[in-house]
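# Working through the structure, step by step
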Amino acid sequence: EFLRQLAREHRTRAKEVERLKSEAAVTAERLSNELTEANRRDEAKRELLSKLHSKASEMAKADAEARETEARTKAVKESLPPVAKVVSMRFDDWRGGDAS
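Residues numbered from 1 in each chain as written. Predicted model: local features only at pLDDT ≥ 70, side-chain atom pairs only at ≥ 80, totals over all residues. Heavy atoms only, no water.

A tally of helices and strands in the protein yields 2 helices and 0 strands. The buried share of the protein, reckoned over its 100 residues, is 0%. Element-wise, carbon and sulfur atoms account for 60% of the exposed surface of the protein, whose accessible area totals about 9800 Å². (Helix = DSSP H or I, 4+ residues; strand = E, 2+ residues; numbered from the N terminus. Buried < 20%, exposed > 50% of the residue type's maximum accessible area, 1.4 Å probe, protein only. Areas by Shrake-Rupley, 256 points an atom, 1.4 Å probe, with all protein chains shown as cover.)

Written out as structure tokens, the structure is:
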């Protein structure tokens, strides 16, 4: 009787060990899939951040070029002498506007 009881307990423990191994394998597979998906999302985020960084760099360069152009334009404008107003020689302008 004692040996039968030990055999039953052994079978029960063996079944429990197999069940736990199966659950561990399923959990490991699920975690592996989750990790793979997380890595894929991280790679997509890194790619997006890289693109955003490139665009930001392009915008900063364009902004710096625009400021440089504005500064050169201002310097040229300030270096020019004052210009007199252009006088029109058309008859309508002399009469004060509309000829009708």
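Next up on the list: the pattern of salt bridges. In the structure shown here, the tally under the stated rule is 12 salt bridges. A salt bridge links Glu23 to Arg19; its shortest N-O distance comes to 2.4 Å. Placement of the pair is Glu23 and Arg19 together in helix α1 (residues 2-79), with a separation of 4 residues, close to one helical turn. The partly exposed category is assigned to Arg19, whose relative accessible area is 39%. Between Glu43 and Arg46 there is a salt bridge, and its shortest N-O distance comes to 3.2 Å. One end of the pair, Glu43, and the other, Arg46, are both in helix α1, 3 residues apart, so they sit about a helical turn from each other. A residue is classified by how much of its surface remains accessible, and Arg46, at 48% relative accessible area, is partly exposed. Members of the salt-bridge network, linked through shared partners, are Glu1, Arg4 and Arg8. (Salt bridge = Lys/Arg side-chain N within 4 Å of Asp/Glu carboxyl O.)

Together, Phe2, Leu3 and Leu6 give the surface a local cluster of nonpolar side chains, amounting to about 360 Å² of exposed area. Position of Leu3 relative to the elements: it lies in helix α1. (Patch = residues over 30% accessible without salt bridge, like charges linked within 9 Å, V, L, I, M, F, W, Y side chains within 5 Å.)

Don't take any of this as a statement about function, it's just geometry.
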